[in-house]
Amino acid sequence: MARKKRIISCALTGVLALSSVGALAGCDALTGENVIWIAFAETGYGRGFLEQWCKDFQEKYPEEEYVFELEGEPGMTGEIQTRLTTDNEIPDLFFSLDTNWQEWAARGYLYPLDDIYRKSKADGDKSVWEFMNKDLRDYGVVNGHYYAIPWTDGANGFIYNKTLFDENGWEVPETVEELYELCDKINNLPCNKDADKENNIAVFAWSGKYASYWDFVVENWWAQYEGADEFRDFFNFGAPKNEDGTFKFESNNASPSDYGSPEVYLQEGRVKALEVYRNLVVNENSTFPKNSISGAVGAEYTVAQLAFINGKAAMMPNGAWLEQEMAEVMPDDFEMRLMRTPYLEEAKKDKDGNYIPINASSAGDFFCIPKNAPNLEAALKFMEYINSREACETFTRVTGGIRPFQYIDDLDLDSMNLSEFSKSCIEVYRESTTVYHYSSNPIQWVSTFGKWPDLGSPYVGMISDPTENTPAAVCSKSCDYVYREWWNSYNLVNQ
């Protein structure tokens, strides 16, 4: 396997030099005790933050004369398992998007990061474990050891064209009912009533090729209805626990029922959330979605992006990385913001009767170190650095994004030169209870059931056959599928 899209960064007389491999005659060793090779998924947040981390690390340890090899590919996540299992082209660190990495750890392909979690100094005297958001502290655990550190966090939901909202006097909807009313206002714009279809403004831009982006709002409605604890419990299949808080499946004689039950797939919040999606997008009398850009079902993601930034749609389901992802094509005068996901009428409320803001984070991207990393000592040193407060603040300053650590509330956003869009994402994150969809239950990661098993995502299917794929039917099909596969998954865990 040839290495792809390589960039080497070298410490030359204290100055960071970035160059292509072929042109870099002064750094002929691609592995060695001062070389750190990073293979990473180069997607929404790009590589600028990583280049800055490398530069800062070199300046922090100038005597080591560290050299970085950065191998960035959008599809890197799909390559990692093959490279690990064949022991081929093994870098010092992998930066991956969300995937079921736990099997790699269980099979001995990853280096344990216990010392990084517990002994490193991430923020003053705080370890990485202490500095990390509390609900993610067990994210990296397999068989009692830590093997991965989550990479990104943030707020998701509807991103809206602020210019369109301001020009038309639209209020940002606080509730789902207000969102329905806003859809009617947009559909009744004069430009949507005349004969010229080229000037139409849709409610939503989205891509059927990446329909799972609807998860970024549907999960918020689901979590609003169920509440944080029940939402978290879903991903562990509601597995029963011992008095000390450990799972019963951690014993040597665990039964299939000790791993929980497929019944969690029938959570009412899942049905309620899909009902809102159906009301917004599914056309009961046609396979063409309503409130959507023309050709949404067959559209590529970039087509939906361009429709949104060119004013052809008022909103788009997406996340905090969108600005970085569209930086090269976004018009200078385009303004967008993230809204807090409008509340379901049945959403949980606090003791004072106020809706509880919930943010279902898409956190799941992670760092790991292969067991056979060629420069293990340097990889561990760099891993410790990139999970420090200093590196977290650098990530936010460069990308506008958020790391899953306890530093966001302390930031002075005005001094960081962030865009108004990034500030809106951080404000939604700050005011919300953030919940995560990782699982400590091995049934989940050996089976790859996910949120919508045997469906990928339900959104296009609900449009193409709304009678067959009702919200209740989608959840029931998911539950039935997990029931059919439960025993096989139990055997895989216990073989």
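Right, let's walk through the structure included here. (Residues numbered from 1 in each chain as written. Predicted model: local features only at pLDDT ≥ 70, side-chain atom pairs only at ≥ 80, totals over all residues. Heavy atoms only, no water.)

**Description of empty space enclosed by the protein**
Reasoning step 1: Considering all chains together, one arrives at one cavity of 30 Å³ or more under this definition.
Reasoning step 2: Its volume calculated, the largest cavity comes out at about 40 Å³.
Reasoning step 3: Contributing to the lining of the largest cavity are Ala205, Trp206, Ser207, Tyr210, Tyr213, Tyr301, Met316 and Pro317.
Reasoning step 4: Here the lining of the largest cavity is built from residues that sort into seven nonpolar, one polar and no charged. (1 Å grid on protein atoms, 1.4 Å probe; cavity = no way out; pocket = protein on both sides within 12 Å on 5 of 7 lines; lining within 4 Å. Points joined across faces, edges and corners; volume = space filled by probe spheres on them. Nonpolar A, V, L, I, M, F, W, Y, C, P; charged D, E, K, R; others polar.)

**Concerning the packing of helix H1 (residues 48–60) against helix H15 (residues 389–399)**
Reasoning step 1: In contact at an axis separation of 9 Å, H1 and H15 are set at 140 degrees when each is read in the N-to-C sense. Two packed elements cross with a definite hand, and for H1 against H15 that hand is right-handed. Between H1 and H15, the residues in contact are Gly48, Phe49, Gln52, Trp53, Asp56 and Lys60 and Glu390, Ala391, Thr394, Phe395, Val398 and Thr399, respectively. (Axes fitted to C-alpha atoms, helices over the stretch in contact; angles between N-to-C directions. Helix = DSSP H or I, 4+ residues; strand = E, 2+ residues; numbered from the N terminus. Left-handed = near helix turned anticlockwise from the far one by under 90°. Contact = heavy atoms within 4.5 Å.)

**What about the sheet that holds strand E12 (residues 336–338)?**
Remark on secondary structure: sheet strands pair via backbone hydrogen bonds, oriented parallel or antiparallel.
Reasoning step 1: The strand order across the open sheet formed by four strands is E10-E11-E9-E12, and the pairing between neighbours is mixed. Of all strands in the sheet, those bounded by a partner on one side alone are strand E10 (202–204) and E12. Along the sheet, successive strands turn relative to each other by an average axial angle of 25 degrees, direction set aside.
Reasoning step 2: Both strand E9 (residues 156–161) and E12 contribute to a ladder of three bridges, which runs antiparallel. Looking at the pairing, Tyr160 lines up with Arg337 of E12.
Reasoning step 3: In the packing of helix H7 (residues 176–187) onto the sheet, contacts are made with E9, E10 and strand E11 (313–319), and the angle to E10 comes to roughly 150 degrees.
Reasoning step 4: Across the face of the sheet, helix H12 (residues 301–309) comes into contact with E9, E11 and E12 while running at roughly 130 degrees to E11. (Pairing = 2+ DSSP bridges.)

**Examining the layout of surface pockets**
Reasoning step 1: Put simply, the second largest pocket is a space of about 950 Å³.
Reasoning step 2: Forming the walls of the second largest pocket are 36 residues, and the residues nearest its centre are Phe247, Phe249, Glu250, Ser439 and Ser440.
Reasoning step 3: Put simply, the parts of the chain that give the lining of the second largest pocket at least two residues each are helix H3 (102–106), strand E6 (141–142), helix H10 (228–234), helix H17 (442–447) and helix H19 (471–494).

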